[in-house]
Amino acid sequence: MLYAILCYHDEDVVGSWSREQDAAVMEKLAVVQDRLVRQGRLGPVARLLPTTAATTLRKENPPVVLDGPYAETKEQLLGFYLIDCKNLDDALGVARELGEANPGGAYEIRPVGVFLPGNDEVTAKAKASAKA
């Protein structure tokens, strides 16, 4: 089963890290990522640019385009991992390892439904289950 591990943190805190501090965190994260790559379990990983670079499309009539994030929060979505895990406990274990490497913030873990063109949800889930 694919799980998204969404990385939340206070953007101002992360943005205040020196290059050396940021590099040290990224090096620790790379240890976990490298292991997942060797196991064939790591999918896309993305580090998002700051929310000041965001654009929001509000679904009004007519739609409205706004600069910046949709809502102000104490923690912002800063990136995500897509990981193939046996179950939620397995995904929580990966999130714990990432958390040990990256101080502060929170990880939201969500199962991912795979939708492929020409296939319905049942077919996509059956393929994902067969892979597990």
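Provided above is the structure to which this section pertains.
Now for a description of the structure that goes with this document. (Residues numbered from 1 in each chain as written. Predicted model: local features only at pLDDT ≥ 70, side-chain atom pairs only at ≥ 80, totals over all residues. Heavy atoms only, no water.)

Secondary structure assignment for the protein yields 4 helices and 6 strands. For the protein, the α and β elements follow one another from N to C terminus as β-α-α-β-β-β-β-α-β-α. The buried share of the protein, taken over its 132 residues, is 26%. Counting contacts in the protein only where the partners sit at least 6 residues apart, residues at least 24 apart contribute 74% of the total. Of the roughly 9,100 Å² of accessible surface on the protein, 56% is carried by carbon and sulfur atoms. (Helix = DSSP H or I, 4+ residues; strand = E, 2+ residues; numbered from the N terminus. Buried < 20%, exposed > 50% of the residue type's maximum accessible area, 1.4 Å probe, protein only. Contact = heavy atoms within 4.5 Å. Areas by Shrake-Rupley, 256 points an atom, 1.4 Å probe, with all protein chains shown as cover.)

Within the largest apolar cluster, 18 residues are counted, with the highest numbers of intra-cluster contacts made by Ile-5, Leu-29, Tyr-81, Ile-83, Cys-85, Val-94 and Leu-98. Here this core takes 5 residues from helix α3 (residues 88–101), the largest share from any one element. When neighbours within four sequence positions are excluded, Ile-83 is seen to be in contact with Met-1, Leu-2, Tyr-3, Ile-5, Leu-36, Arg-41, Leu-42 and Val-94. (Core = buried A, V, L, I, M, F, W, Y, C linked by side-chain atoms within 4.5 Å.)

We now examine the side chain of Gln-76. Along the polypeptide, Gln-76 turns up in strand β5 (residues 76–84). Residue Gln-76 is classed as buried on the basis of its relative accessible area, which comes to 13%. Looking at Gln-76, its side chain comes within polar contact range of the main-chain nitrogen of Glu-11, at 2.7 Å. (Polar contact = N/O pair within 3.5 Å; in protein donor to acceptor, adjacent residues only side chain to side chain.)

Examined bridge by bridge, strand β3 (residues 55–58) and strand β4 (residues 64–67) share 4 bridges and lie antiparallel to one another. Across the sheet, the residue bridging to Thr-55 is Asp-67, located in β4. (Pairing = 2+ DSSP bridges.)

Mapped onto the secondary structure, Leu-29 falls in helix α2 (residues 19–38). Residue Leu-29 is classed as buried on the basis of its relative accessible area of 4%. When the C-alpha positions of Leu-29 and Glu-100 are compared, they lie 8.8 Å apart, and in sequence the two are 71 residues distant. If we skip the residues at most four places from it in the chain, Leu-29 touches Tyr-81, Leu-98, Ala-101, Asn-102 and Tyr-107.

Here α3 spans 20 Å end to end across 14 residues, near enough to the 20 Å set by a 1.5 Å rise per residue. By the burial criterion, the buried members of α3 are Ala-91, Val-94, Ala-95, Leu-98 and Ala-101. Down the axis of α3, the smallest arc covering the buried residues is 115°, so these residues share one side. Exposed side of α3, more than 90 degrees from the buried face: Asp-89, Arg-96 and Glu-100 are the residues found there. The backbone nitrogen of Asp-89 has a side-chain oxygen 3.1 Å away, supplied by the residue at the start of α3, namely Asn-87. (Expected span 1.5 Å × (residues − 1). Arc of directions from axis to C-beta.)

It is worth stressing that arrangement in space is one thing and function is another; only the former is reported here.
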